[in-house]
Amino acid sequence: MIDHAAAREAMVARQIEARGIINPALSAALREVPREAFIPDSLAAFAYDDSPLPIEAGQTISQPYIVALMIDSAGVMASGRALEIGAGSGYAAAVMSRIADRVIAIERHAELARLAAARMARLGYHNVRIVHGDGSAGWPDEAPYDAILAAASGSHVPDALKAQLAIGGALVMPIGAAHVVQSLVKVVRVGEEAFEQEDLGAVRFVPLIGAEGWKG
Ligand code: SAH
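For clarity, every value in this text was computed on a predicted model and none was experimentally measured.

1. A short note on the overall build of the protein chain
Secondary structure assignment for the protein chain yields six helices and nine strands. On C-alpha atoms alone, the protein chain measures out to a radius of gyration of 16 Å, which is about the 17 Å that the 2.2 N^0.38 rule sets for 216 residues. Dimensions along the principal axes, computed over C-alpha positions, put the protein chain at roughly 55 × 35 × 35 Å. When the 216 residues of the protein chain are sorted by exposure, 51% land in the buried category. Pairs at least 24 apart in sequence give 55% of the contacts found in the protein chain among residues at least 6 apart. Total accessible area computed for the protein chain in this model is approximately 9,400 Å², and 53% of it derives from carbon and sulfur atoms. In the protein chain, which carries 18 positive and 25 negative side-chain charges, the distance between the mean positions of the two groups comes to 3 Å.

2. So, the site of the ligand
Taken together, 26 residues surround the ligand, and among them Ser89, Glu107, Asp134, Gly135 and Ile209 come closest. Side-chain polar atom of glutamate 84 to a nitrogen atom of the ligand: 2.8 Å apart, as the coordinates give it. Residue glycine 135 places a main-chain N or O atom 2.8 Å away from a nitrogen atom belonging to the ligand. Taken by itself the ligand offers 590 Å² of open surface, and the protein chains cover 99% of this. Given that more than half its atoms are within 2 Å of the pocket grid, the ligand belongs to the largest pocket. When residues of the shell around the ligand are traced back to their parent elements, those giving at least two are strand 2 (60-61), helix 4 (91-97) and strand 4 (102-107).

3. Remarks on the nonpolar core
Nonpolar side chains in soluble globular proteins tend to be buried together. Core analysis: the largest hydrophobic core is formed by 51 residues, its most contacted members being Ile71, Val76 and Tyr91. Among the elements of the structure, helix 1 (4-17), helix 2 (24-32), helix 3 (64-73), helix 4, strand 4, helix 5 (110-123), strand 5 (128-132) and strand 6 (145-150) are those that each provide at least two residues to this core. If sequence neighbours within four positions are ignored, isoleucine 71 has contacts with Leu26, Val76, Ala92, Val95, Met96, Ile99 and Leu149. By size, the runner-up hydrophobic cluster in this structure holds 19 residues, among which are Leu83, Ala152, Val157 and Val187.

4. A short note on the pattern of salt bridges
A full pass over the atoms with the stated rule returns eight salt bridges. Taking the shortest distance from any N to any O, the salt bridge between glutamate 142 and arginine 102 comes out at 2.7 Å. One end of the pair, glutamate 142, is in the loop between strand 5 and strand 6; the other, arginine 102, is in strand 4, and 40 residues separate them in sequence. Residues joined by salt bridges that share partners form a network here, namely Glu9, Glu17 and Arg31.

5. Some thoughts on the pairing of strand 3 (residues 81-85)
By the criterion of burial, strand 3 is predominantly enclosed, with four of the five residues buried. The pairing of strand 3 with strand 4 spans five bridges and is parallel. Residue pairing for strand 4: arginine 81 is matched across the bridge by arginine 102. For the crossover from strand 3 across helix 4 to strand 4, the handedness is right-handed. Bridge count between strand 3 and strand 6: four bridges; the pairing is parallel. Residue pairing across strands places leucine 83 opposite isoleucine 148, the latter belonging to strand 6.

6. Overview of the side chain of arginine 35
Along the chain, the position of arginine 35 falls in the loop between helix 2 and strand 1 (53-54). One buried charge, arginine 35, has no salt-bridge partner; the nearest side chain with opposite charge is aspartate 49, at 7.2 Å. At 3.4 Å, the side chain of arginine 35 and the backbone oxygen of serine 51 are in polar contact. At a separation of 2.8 Å, a polar atom in the side chain of arginine 35 contacts the main-chain carbonyl oxygen of serine 62. If near-sequence neighbours (up to four positions away) are discounted, arginine 35 is found in contact with Phe46, Ala47, Tyr48, Asp49, Ser51, Pro52, Leu53, Ile61, Ser62, Gln63, Pro64 and Tyr91.

Quick notes on the rules
Residues numbered from 1 in each chain as written. Predicted model: local features only at pLDDT ≥ 70, side-chain atom pairs only at ≥ 80, totals over all residues. Heavy atoms only, no water. Helix = DSSP H or I, 4+ residues; strand = E, 2+ residues; numbered from the N terminus. Rg over C-alpha atoms; globule rule 2.2 N^0.38 Å. Buried < 20%, exposed > 50% of the residue type's maximum accessible area, 1.4 Å probe, protein only. Contact = heavy atoms within 4.5 Å. Areas by Shrake-Rupley, 256 points an atom, 1.4 Å probe, with all protein chains shown as cover. Lys, Arg positive; Asp, Glu negative; His and termini not counted. Charge placed at Lys NZ, Arg CZ, Asp CG, Glu CD. Near = heavy atom within 4 Å. Polar contact = N/O pair within 3.5 Å; in protein donor to acceptor, adjacent residues only side chain to side chain. 1 Å grid on protein atoms, 1.4 Å probe; cavity = no way out; pocket = protein on both sides within 12 Å on 5 of 7 lines; lining within 4 Å. Sits in = over half its atoms within 2 Å of the grid points. Core = buried A, V, L, I, M, F, W, Y, C linked by side-chain atoms within 4.5 Å. Salt bridge = Lys/Arg side-chain N within 4 Å of Asp/Glu carboxyl O. Pairing = 2+ DSSP bridges. Right-handed = clockwise from strand over helix to strand, strands pointing away.

These results come straight from atomic positions and should not be treated as a statement about function.
Here you go:
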């Protein structure tokens, strides 16, 4: 038997906190969400490895450290509202749901959206809504968001996403073409029409495919 609980504790200590992400609410959320429930059964032994893993539909579940870095950088907080574009397995959305009040996560692959929604139901994470569709222009219905995460790499930061940020809110998104090193960009809405942008470093994500991303 694999001791997932022990592996999860070690993951938070070694991959997240030892690398300088000191965020008690985030650490608690990462200790709560079973990553093994978000990957194919055949990969369960690797659930807490320090790496991304392949999931259904040829996509990937992000490395835990990158999930933590994005959630921390976007300032996902208690009583806030968060949007994720590229729900994939649903893992990052599940972690956010343990911190924020409400999470909307959009996924373009129907199979992934269905699996992610089933996982949320099974785990009782009722404050997450998984939407199937192109999320590259966000989800205006529940805007504004205190935090927006894009888990797929775009050609630019869509204006539609910036417009759905609350003032004081932040968006974190990889920018760059597929199969090359991309930049993880953070945009903070500091006023009605004022945004500040910062580069958080090099990352590798699957492409954001859609109206405001790359052509599929
Ligand atoms: N956060 C996810 C990582 C998913 S990988 C996790 O924790 O598992 C990125 C996902 O973005 C892929 O599943 C891909 O299908 C999806 N994606 C790409 N372009 C998209 C778009 N325009 N709208 C919604 N999802 C998109």
